[in-house]
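Survey of secondary and tertiary structure
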Amino acid sequence: MQFTDLRLSPAILKAVTAQGYDTPTPIQQQAIPAVLDHQDLLAAAQTGTGKTAGFTLPLLQNLIDSKNVVKSNNVRALVLTPTRELAAQVQESVETYGQFLDLRSAVVFGGVKINPQMLKLRRGVDILVATPGRLLDLYSQNAVTFSQLEVLVLDEADRMLDMGFIRDIQKIIRLLPKQRQNLMFSATFSDDIRELAKTIVVNPVEVSVTPKNAAAKSVTQWVIPVEKSKKPALLPSFIKSHHWRQVLVFSKTKHGANRLAKKLESSGILAAAIHGNKSQAARTRALADFKSGDVQVLVATDIAARGLDISELPHVINYDLPNVAADYVHRIGRTGRAGATGEAVSFVCDEDAELLRDVQNLIGEILERRPVAGFEPDKPLPEFALNTKPKKIKKPKKPKGDSASADPGQKPRRARNPNASASGDRSKPPSRRRTPNKSA
Ligand code: AMP
């Protein structure tokens, strides 16, 4: 299948060609026709599958086809994302794919001044990309209204739930017209996600491009058993000896990320840390430097790294295994993107052995162990057989202290919008029966 088979207009195809894409990825092949047919969509797709173009291209097409003219403070398509970084990247994709179209788009997220965002919304925008908390703030200040809304996109819905945004999402949904198209994307499909989906999508076309919880096949994964005290020395030594030039390193903690970046710098490797304690400007700069190759290693916490679009990232190092096995899949989801191959290595010390077992059970695979001379653990790591019984994945706790990566307005908060009573919003279970659209 070619992009030209997909009923997209020449102006959109021109932008796709300019990006150098030859063929649509599997998610694009399945999602684009469904969205063009105005159907609801429930898609299981991780970052790296081309999902952003999968919803953006047909969304743009539908918006130009319907020819509605957006009124002041209105929005025709709303894309909700869990983090600022993802919001900024989705907006970048909207701009890129829509560069030859006469459509207006904007991105809004917390942690930056609200006034410029209010100004942008004044004329109305065809596509608004937003994190939930800031969107609700803007709504409560009458900067945005949804009476013209045609499409809702929920991106990385699983992460939204992990980060505790369910109530904000429910509030937003109650503000939207009932007649609309809904597109929902999630890397994994837990029972919670299915429950949420029931309140959002109606008779959706279901699309899945990765088997449940399976890691991208094009990523070579292995484990280095290591003595905990030797991990800091192993990191620069490993990167140098393997000549890895663009490496995303995952650390469990923000302080750990800072320490590792310093350690790498002192070993002559250009590195930057990206986490919730860094200002938005510092994080944007670190990401830009990493993408351009000025910084060789980006050390990140899970939340900060979520959804980063670093195309064809070749290497990931799990300096620490994540506490939640599903995060392992998210982490390595950023290597081997859109057909490229990648390598992901995990440093595992004795105290993380249980986490390794969880990861292996989740991905359904025993990871190869490749010890490195001089760094072996004093006590060998236990061997684990695969537990093939379906395992209930522990729900991660709502992240504390790394909230700067998310929209700070997302924390439990009182609704300032007089039209959306806080008690009413909190007590009701998700329901398709919504309160009348007060914004209309
Ligand atoms: P996403 O899953 O949306 O984060 O996209 C992952 C990466 O794949 C991005 O860097 C896109 O630029 C790239 N991409 C998207 N669609 C295609 C395509 N059809 N061919 C090649 N690369 C693509």
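From a predicted model like this one, the values you see are computed outputs, not experimental measurements.

Let's shift gears to the nonpolar core. In this structure, Leu78, Leu128 and Met184 are the most contacted members of the largest nonpolar core, which totals 40 residues. If you look at the next biggest cluster of nonpolar residues, it comprises 38 residues, including Ile27, Leu59, Val79 and Val129.

Running from N to C, helix α3 (residues 51–66) and helix α4 (residues 84–97) point in directions that differ by 45 degrees, and their axes come no closer than 10 Å. When the axis of α3 is compared with that of α4, the two are oblique. α4 is crossed by α3, and the crossing has right-handed handedness. Contacts between α3 and α4 pair Thr52, Ala53, Phe55, Thr56, Leu57 and Leu60 from the former with Val90, Ser93, Val94 and Tyr97 from the latter. When grouped by side-chain class, the residues that make up the contact of α3 with α4 number seven nonpolar, three polar and no charged.

What follows is about the packing of aromatic side chains. The full count for this structure, using the stated rule, is nine aromatic pairs. One aromatic cluster is present, formed by Trp222, Phe238, Trp244, Tyr319 and Phe347 through successive ring pairs. In this structure, lysine 14 packs its charged tip against the face of phenylalanine 100, placed 4.2 Å from the ring centre. The positively charged end of lysine 231 is found above the aromatic ring belonging to tyrosine 319, 5.2 Å away from the centroid.

Moving on, we come to the sheet that holds strand β13 (residues 342–348). In a beta sheet, neighbouring strands pair by backbone hydrogen bonds and run either parallel or antiparallel. Taken together, seven strands build an open sheet; the order of strands is β10-β11-β9-β12-β13-β8-β14 and the sheet is parallel. The sheet terminates laterally at β10 (271–274) and β14 (368–369), the two strands that pair on one side only. With two bridges joining them, strand β8 (residues 219–225) and β14 adopt parallel strand pairing. Paired with valine 223 across the bridge in β14 is arginine 369. Here helix α12 (residues 280–292) sits on the sheet and contacts β9 (247–250), β10 and β11 (297–300); the angle it forms with β11, its principal contact strand, is near 140 degrees.

Among the residues making up helix α2 (residues 26–36), those that are buried are Ile27, Gln28, Ala31, Ile32, Ala34, Val35 and Leu36. Buried residues along α2 sit against β1 (41–44), α3, β6 (181–186) and β7 (205–208). Following α2 by one or two positions, histidine 38 adopts a phi angle in the positive range, close to 65 degrees.

Turning to the confidence of the model for the protein, a few remarks are in order. Averaged over all residues, the pLDDT of the protein is 84; the fraction at 70 or higher stands at 83%. Taken as a whole, residues 211–216 scores under 50 in pLDDT and shows 12 contacts with residues more than four places along the chain or in a different chain.

With that settled, the discussion passes to the sheet that holds strand β2 (residues 75–80). Spatially, β3-β4-β2-β5-β6-β1-β7 is the arrangement adopted by the seven strands of the open sheet, whose pairing is parallel. Since the sheet does not close on itself, it has two edges, and those belong to β3 (105–108) and β7, each with one partner. With direction set aside, neighbouring strand axes in the sheet form an average angle of 15 degrees. Summarising the sheet, β1 and β6 pair through four bridges and their orientation is parallel. By the bridge assignment for β6, leucine 42 is matched with methionine 184.

Quick notes on the rules
Residues numbered from 1 in each chain as written. Predicted model: local features only at pLDDT ≥ 70, side-chain atom pairs only at ≥ 80, totals over all residues. Heavy atoms only, no water. Core = buried A, V, L, I, M, F, W, Y, C linked by side-chain atoms within 4.5 Å. Buried < 20%, exposed > 50% of the residue type's maximum accessible area, 1.4 Å probe, protein only. Axes fitted to C-alpha atoms, helices over the stretch in contact; angles between N-to-C directions. Helix = DSSP H or I, 4+ residues; strand = E, 2+ residues; numbered from the N terminus. Parallel < 35°, antiparallel > 145°, perpendicular 65-115°, else oblique. Left-handed = near helix turned anticlockwise from the far one by under 90°. Contact = heavy atoms within 4.5 Å. Nonpolar A, V, L, I, M, F, W, Y, C, P; charged D, E, K, R; others polar. Phe/Tyr/Trp six-rings, centres within 6.5 Å; stacked < 30°, edge-to-face > 60°. Lys NZ or Arg CZ within 6 Å of the ring centre and 35° of its normal. Pairing = 2+ DSSP bridges. pLDDT = per-residue confidence, 0-100.

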